[in-house]
Each structure stands twice: as C-alpha cells, then as structure tokens.
Amino acid sequence: KEQGRNSFYFFSAEMNESTRERLNIERQLRQDLERQQGFYLVFQPKVDLQNNRVVGMEALVRWRNEELGEVLPTRFIPIAESSGLIVPLGQWILQAACSQLKQWQESTGAQFKVAVNLSGRQLTQPDLLPVVASVLQDTGLEGESLELELTESMLMETVEKTVVLLSQLKQLGISLAIDDFGTGYSSLSYLKRFPIDTLKIDRSFVRDLEADRDDEAIIEAIIAMAGSLKMQVVAEGVETELQFDFLRSRGADLYQGFLFSEPVPASEFARRFLA
Ligand code: C2E
Ligand code: CA
Ligand code: CA
Ligand code: CA
C-alpha cells in the first residue's frame, strides 16, 4: 500500500487517465447503488441438450448510468470487486433474481432454477449465509430454485472455511456450480472435497472446438470427470450447430449460448420462454 502511494507519482499520463476513469466509474457505481438506480438483470436460458427444453436461466447484471451510458459488466464488475461495492451490488442482484423467479413461478407455474454469480468478495463476507437465507425468506423462493455460480479460484482461497460455508448453503437447498471450469487450477482431489453439483465448461474451450483438437479432449475429460463425481455438466458460449452436436454426442447435460439465445431482459424472457 505505502509503495503504491509513492509510485503513483511515476505513472504515465496514460495511466493517470485510466486511473481517473476507474475512479469515476467507482463514484458513479456508488451513487447509483445509493439511489438504487441504473441496475437491471438480463436472463440467459439454460437448455437441456437432449430435448432442447429450457430448464433454467442465468441472471446477469447490467448497468446504465446517466453520465457513462451502458457500461459492460466486464468493465464495472472488476471495479465493483476491488472497491468492495460488489457486496451491496451482489446482494441487490441476488434479491432481484430471486424475486423475479418467484414472480414467474407464481404467474406461470414454471419450475425453473435461477443461477446467480457470486464474486470472491461476497464469499468471504462473514454474513453471506444469513444474507442468502433472508433473501430466500423475503422473496419466498425455495432454496431448491436457486443455484450459485462460483469460480475455482474462489474455492481455493480458504479451503476449510469454504467447505463449511458451502455445506451450509446446500442445507438451504441451494445448488452450487463451478463457473469457467477448466481455467483455474483445481485438482480432482480438491474438487471432490466441495459439495459441488455442476461444472460449467468455460466458453474458451467451446469456442475453439472447431479449430483445436486439444479442446475436444479437454471437454471429453471434463465430462468424464463430472460423470464419475456425479456432477452435472453445462457448456457455456455455444454458438454453432457443430459445437452443439459435439457436446450432445459427448453427453454434456445443458448448454447456454447465442445459438439458443443471448441473455435477454425479463419481459422478453417471459414472452419467449415462459409462454
Ligand atoms: P460469466 O459468468 O462467465 O457469464 C457468461 C458471459 O458469457 C456473459 O457475459 C454472457 O452474455 C456471455 N455469453 C453467453 N453466451 C455466449 C455465447 O454464445 N458467445 C459469447 N461470446 N458470449 C456468450 P456478460 O453478461 O458480459 O458477463 C461477463 C462476466 O461478468 C460474467 O461471466 C461474470 O463473470 C461477470 N458478471 C456478469 N453478471 C454478473 C453478476 O450478476 N454478478 C457477478 N458477480 N458477476 C457478473
Ligand atoms: Ca456465470
Ligand atoms: Ca462462465
Ligand atoms: Ca467465462
């Protein structure tokens, strides 16, 4: 920290510019969070590879700011994480996703699950468990209808504590998925210690399927591994029929991707997938 302070003065003009931009995004994020404005969710269907039925959806946050316009999550999520603002934002996302699904369940009887992304900062908050429990309580959503997506690196940070926390979340009926699977460093022996239900094969392996034989082998290995650990496999970023055919023939369970649908606003999701 002290080092960082002094070295600030050695930054190039360009660095200064990007530091200023980050600070501005952080300030706008903070303001919009306080005013509870600008944030909304989009939903991407999760689809059964065998029968092409929608079985659930992933909630993804979007942000439209008065000054900055529409800001991409890949831009503002890292800033929300480093500033700690992801904690209140994450809580808003969880609440909004659960309450949207509850509303859909009541109006259409849909038995979907909603998946919500958790960031590392949220997982290390001491009150994560009571927060999640009270969101379920407030919205009336069953824990069985909620899935949380975590990344490998989040699990590896404090293994013992994390195992306990994840078991407590599972006791609420919630299911757990590892997002971007294959990009981290988890070994088999580590993986089986966590009560994980689902592996989501990272988009990068799916994307390069056509061009790279190694990625075929990696995907086959992940599917085989998930099978022996009794986990479900979701493929993300499926854009082509060829990718779809490959994943289906190899026995992956679900897929998400532009081939079926982009993430869409709630009203469009209801119209297209809940009718
Ligand atoms: P992620 O969790 O891996 O989310 C999947 C990303 O892939 C989404 O980008 C989605 O729009 C995109 N995607 C889905 N299908 C396809 C496809 O067929 N092709 C391609 N090229 N992309 C596809 P998005 O919404 O921009 O989110 C990017 C990342 O930002 C997410 O990656 C996640 O790490 C983070 N993020 C987004 N929403 C949230 C949130 O609500 N909470 C947290 N903590 N992080 C979020
Ligand atoms: Ca995700
Ligand atoms: Ca992912
Ligand atoms: Ca990804």
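Preceding this paragraph is the structure being described.
As a convention, each chain's residues are numbered from 1 in the sequence order in which they are written. Lettering of chains starts at A and numbering of ligands starts at 1, both following the order in which they are written. It should be noted that, the model being predicted, local features are given only for residues of pLDDT at least 70 and side-chain atom pairs only at 80 or more, the latter also being counted only at that level, while totals for whole chains, interfaces and linings use all residues. The basis for every side-chain value is the complete set of heavy atoms in the structure, and neither hydrogens nor water enter the calculation.

Chemist: Whenever I open this one, the coordination of the calcium ion (ligand 4) confuses me. Can you help?
Modeler: Coordination angles at a metal have ideal targets, namely 109.5 degrees for four tetrahedral donors and 90 or 180 degrees for six octahedral donors. Coordination partners: N, O, S within 2.8 Å of the metal, 3.2 Å for Na, K and Ca; water not considered, so apparent gaps in a site are possible. Within the protein, the calcium ion (ligand 4) binds to Asp180 (OD) and Asp202 (OD); these donor distances fall in the range 2.6 to 3.1 Å. The calcium ion (ligand 3) is placed at 3.4 Å from the calcium ion (ligand 4), the two being bridged by Asp180. With Asp180 in strand E6 (residues 175-181) and Asp202 in the loop between strand E7 (198-201) and helix H10 (203-207), this residue pair connects regions lying 22 residues apart in the sequence. Under the scheme applied here, a residue whose accessible area is under 20% of the maximum for its type counts as buried, over 50% as exposed, and between as partly exposed, the area being computed with a 1.4 Å probe on protein chains only. Accessibility expressed as a relative area gives 27% for Asp180, which makes it partly exposed. Assessed through its relative accessible area of 11%, Asp202 is described here as buried. In DSSP terms, a helix is any run of H or I states spanning at least four residues, a strand is any run of E spanning at least two, and both are numbered starting from the N terminus.

Chemist: I would appreciate a short explanation of the packing of aromatic side chains in the present structure.
Modeler: Note on aromatic pairs: each is described by the distance of the centres and the angle between the planes. By convention, a stacked pair of Phe, Tyr or Trp rings (six-membered ring in the case of Trp) has centres within 6.5 Å and planes under 30 degrees apart, an edge-to-face pair has planes over 60 apart, and any other such pair is tilted. Evaluated as defined, the whole model comprises eleven aromatic pairs. Ring geometry for Trp63 and Phe76: centres 5.4 Å apart, planes at 70°, overall edge-to-face. With Trp63 in strand E2 (residues 54-65) and Phe76 in helix H3 (residues 73-83), the pair connects residues that are 13 residues apart, well separated along the chain. Looking at Phe76, the relative accessible area reads 0%, which means it is buried. Among the aromatic side chains, those forming a connected cluster through ring pairs are Phe43, Trp104, Phe112, Phe244, Tyr255, Phe260, Phe269 and Phe273.

Chemist: What's the story with the site of ligand 1 in this structure? I'm lost.
Modeler: Note on terminology: near, applied to a residue and a molecule or strand, indicates that one of the residue's heavy atoms is within 4 Å of it. Ligand 1 sits among 21 residues. The nearest are Gln44, Arg62, Arg203, Glu239 and Phe258. Pairs of N or O atoms within 3.5 Å make up the polar contacts considered here, provided that, within protein, one atom can donate a hydrogen while the other can accept it, and that residues adjacent in sequence are counted only when both atoms are side-chain atoms. Gln44 places a side-chain nitrogen or oxygen 3.0 Å from a nitrogen atom of ligand 1. For ligand 1, an oxygen atom lies 2.9 Å from a polar atom in the side chain of Arg62. Those elements giving two or more residues to the shell around ligand 1 turn out to be E2, H3 and E6. Sort the elements by how many residues they give to the shell around ligand 1 and E2 lands first, with four residues. Amino acid classes used here: Ala, Val, Leu, Ile, Met, Phe, Trp, Tyr, Cys and Pro are nonpolar; Asp, Glu, Lys and Arg are charged; the rest, including Gly, are polar. By residue class, the composition of the shell around ligand 1 is eight nonpolar, six polar and seven charged.

Chemist: How should I be thinking about the packing of helix H11 (residues 213-228) against helix H12 (residues 241-250) in this particular structure?
Modeler: Angle between the axes and distance between the axes: these two values describe a pair of packed helices. Fitted lines through C-alpha atoms serve as axes, helices being fitted only where they are in contact, and the angles separating the N-to-C directions of these axes extend from 0 to 180 degrees. Contact geometry of H11 with H12 gives a least axis separation of 10 Å together with a crossing angle of 35°. Helix-helix and strand crossings are classified by hand; for H11 and H12 the assignment is right-handed. Two secondary-structure elements touch here, H11 through Glu216, Ile219, Glu220 and Ile223 and H12 through Phe246, Leu247 and Arg250. Its residues placed into classes, the contact of H11 with H12 shows four nonpolar, no polar and three charged. Should the near helix be turned anticlockwise from the far one by less than a right angle, the crossing is left-handed, and should it be turned clockwise, the crossing is right-handed. Note on contacts: a residue pair is in contact if any heavy atoms of the two residues lie within 4.5 Å.

Chemist: What's the story with unusual backbone geometry in this structure? I'm lost.
Modeler: Note: most peptide bonds trans; most residues except glycine with negative phi. With a phi angle near 55°, Gln36 is a residue other than glycine that sits in the positive phi range. For Gln36, a relative accessible area of 61% corresponds to the exposed category.

Chemist: Help me out: how do you make sense of the coordination of the calcium ion (ligand 3) in this one?
Modeler: Listed as protein donors to the calcium ion (ligand 3) are Asp179 (OD), Asp180 (OD), Glu236 (OE) and Glu236 (OE); their distances from the metal cover 2.2 to 2.5 Å. Within one chain, the residues donating to the calcium ion (ligand 3) are spaced in sequence as D-D-x55-E. The two metals, the calcium ion (ligand 3) and the calcium ion (ligand 2), are separated by 3.9 Å and share Asp179 as a common coordinating residue. With Asp179 in strand E6 and Glu236 in the loop between strand E8 (232-235) and H12, the pair connects residues that are 57 residues apart, well separated along the chain.

Chemist: Help me out: how do you make sense of the pairing of E6 in this one?
Modeler: Working note: regular strand, side chains alternate between the two faces of the sheet. Summarising burial for E6: six of the seven residues are buried, a large majority. Strands pair, by our definition, only if DSSP identifies at least two bridges between them. Looking at chain direction, strand E5 (residues 146-151) and E6 are connected through five bridges and run parallel. Across the sheet, the residue bridging to Leu148 is Leu176, located in E6. Here E6 runs beside E7; their pairing, made up of three bridges, is parallel. Across the sheet, Ala177 pairs through a bridge with Thr198, a residue of E7.

Chemist: Just to check I follow, could you spell out the side chain of Gln243 for this structure?
Modeler: Mapping Gln243 onto the fold places it in helix H12. If sequence neighbours within four positions are ignored, Gln243 has contacts with Val206, Arg207, Leu209, Glu210, Gly237 and Val238.

Chemist: Sorry, what's going on with the side chain of Lys46 here?
Modeler: Positionally, Lys46 belongs in strand E1 (residues 39-48). Looking at Lys46, its side chain comes within polar contact range of the side chain of Glu147, at 3.2 Å. Excluding residues within four positions of it along the chain, Lys46 makes contact with Arg53, Val54, Val55, Gly56, Met57, Glu58, Ala115, Glu147, Glu149, Lys200, Tyr255 and Gln256.

Chemist: Explanation requested: helix H6 (residues 128-139) in the structure shown.
Modeler: Because an α-helix packs 3.6 residues into every turn, residues spaced three or four apart end up facing the same way. Expected span, for any helix, means 1.5 Å times one less than how many residues it has. Between its first and last C-alpha, H6 extends 17 Å over twelve residues, near the 16 Å set by a 1.5 Å rise per residue. Along its buried surface, H6 packs onto helix H4 (86-108), helix H5 (120-123), E5 and helix H8 (159-171). One or two steps after H6, the chain reaches Gly140, where phi turns positive at roughly 80°.

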